[in-house]
Amino acid sequence: MLLLLYFEFLKIGILAFGGGYAVLPLIQQFIVEERGWITMTEFTDLVSISQMTPGPIFINSATFVGSRVAGVPGSIVATIGSVTPQCILMMILGYFLFTKNKKFPLLDKILSGIRPGIVGLILIASLSMLQNSVFYGVFSLHSINPIAAICFIIGILGYGSKKINLIPLVGLGGLLGILLAVFLP
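About the criteria used
- Residue numbers run consecutively from 1 along every chain, following the written order of its sequence.
- Reporting of local features is limited, given that this is a predicted model, to residues whose pLDDT is at least 70; pairs of side-chain atoms are given and counted only at 80 or more, and all residues count toward the totals for whole chains, interfaces and linings.
- Values reported for side chains reflect all heavy atoms of the structure, with hydrogen atoms and water molecules removed beforehand.
- For helices the rule is a DSSP run of H or I covering at least 4 residues; for strands it is a run of E covering at least 2, with both sets numbered from the N terminus onward.
- Contact criterion: two residues are considered in contact whenever any of their non-hydrogen atoms come within 4.5 Å of each other.
- The Shrake-Rupley method, run with a 1.4 Å probe sphere, supplies the accessible areas, and residue values consider only the shown protein chains as cover.
- Here a helix's expected span is defined as the number of its residues, less one, multiplied by 1.5 Å.
- Under the scheme applied here, a residue whose accessible area is under 20% of the maximum for its type counts as buried, over 50% as exposed, and between as partly exposed, the area being computed with a 1.4 Å probe on protein chains only.
- To define a nonpolar core, start from buried Ala, Val, Leu, Ile, Met, Phe, Trp, Tyr and Cys residues and group those joined through side-chain atoms within 4.5 Å.
- In what follows, salt bridge is the name for a side-chain nitrogen of Lys or Arg lying within 4 Å of a carboxyl oxygen of Asp or Glu.

Colleague: Describe the overall build of the protein chain, naming the residues involved and giving the relevant values.
Modeller: Along the protein chain, the regular secondary structure elements total seven helices and zero strands. Along the protein chain, helices and strands appear, N-terminal first, in the series α-α-α-α-α-α-α. Taking all contacts inside the protein chain whose residues are at least 6 apart in sequence as the whole, residues at least 24 apart take part in 51%. For the protein chain, the accessible area works out to roughly 11,600 Å², and carbon and sulfur atoms hold 74% of it.

Colleague: Go over the environment of serine 133, please, and point to the residues and values.
Modeller: Structurally, serine 133 is set in helix H5 (residues 105-134). With 88 residues separating them along the chain, serine 133 and aspartate 45 place their C-alpha atoms 9.2 Å apart. Excluding its chain neighbours within four sequence positions, the residues that come into contact with serine 133 are Thr44, Asn145 and Ala148.

Colleague: Which residues make up helix H1 (residues 2-15), and what values go with them?
Modeller: Look at H1: 20 Å from first C-alpha to last across 14 residues, which is about the 20 Å you get at 1.5 Å a residue. Here H1 has its buried residues at Leu5, Glu8, Phe9, Leu10, Ile12 and Gly13.

Colleague: Please give an account of the nonpolar core that cites residues and values.
Modeller: By size, the foremost hydrophobic cluster in this structure holds 23 residues, and its most contacted members are Phe9, Ile12, Leu24, Ile27, Ile31 and Phe43. Residue assignment for this core shows that the elements contributing at least two residues are H1, helix H2 (20-34), helix H3 (40-52), helix H4 (57-99) and H5. In terms of residues, this core owes the most to one element, H2, which gives seven residues. In this structure, phenylalanine 9 is in contact with Ile31, Phe58, Ser61, Ala62, Val65, Ala78, Gly81 and Ser82, ignoring residues within four places of it in sequence.

Colleague: An account of the environment of leucine 2 is needed here, citing residue identities and associated values.
Modeller: Tracing the backbone through its elements, the reader meets leucine 2 in helix H1. For the pair leucine 2 and proline 73, spaced 71 residues apart in the sequence, the C-alpha separation amounts to 7.6 Å. Leucine 2 has contacts with Ala70, Pro73, Gly74 and Val77, leaving out every residue within four places of it along the chain.

Colleague: So what about the pattern of salt bridges? Which residues, and what values?
Modeller: Tallied over the entire structure, the rule returns three salt bridges. Close ionic contact of glutamate 8 with arginine 35 constitutes a salt bridge, the shortest N to O distance being 3.0 Å. Here the residue glutamate 8 occupies a position in helix H1, and arginine 35 occupies one in the loop between H2 and H3, the gap between them amounting to 27 residues. When its relative accessible area of 5% is taken as the criterion, glutamate 8 is described as buried. Linking arginine 68 and glutamate 42 is a salt bridge whose minimum nitrogen-to-oxygen distance equals 2.1 Å. Of this pair, arginine 68 sits in helix H4 while glutamate 42 sits in helix H3, placing them 26 residues apart in sequence. Three or more residues are tied together by salt bridges with common partners; here these are Glu8, Lys11 and Arg35.

From the geometry alone we can't say anything about function, so treat these as descriptive.
The structure is reproduced here in structure tokens:
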């Protein structure tokens, strides 16, 4: 199981271009859908928790999934698997870019082509989490979680206007969740 964890997160790490949010669809596909190590609800919770803890979302996700699948050894192995490709890539690129002081126009063109795909991956992950958290897993007006929808709308408006501090908004969402759990079990 530990080898399987390592190689799953190594595979995701190799494909992980564009940062933490861009890797979310890969985690969803390989860990949630193919392996079934966590559910979609746990995946959404994992993303929320990963935002509250320090560190990159991919590493936090690997640690969480590894712990869930194989305890502390699993979290260590999954985390190492997730960072192995980036460590190797950064050592190679760092050597050529910083010690040789060279420019690579081809690399710039490759990265400019990858960026729009990364935005698409982030959008896919966002829509999946929106479906799971606001619509109870089904995009339908009859399946809307009203508190989650209100928090979502306030968050979008707050982000768009830049006048609402998003940290208290997250706290408000947590408080509303607690109130719902207490008064509407």
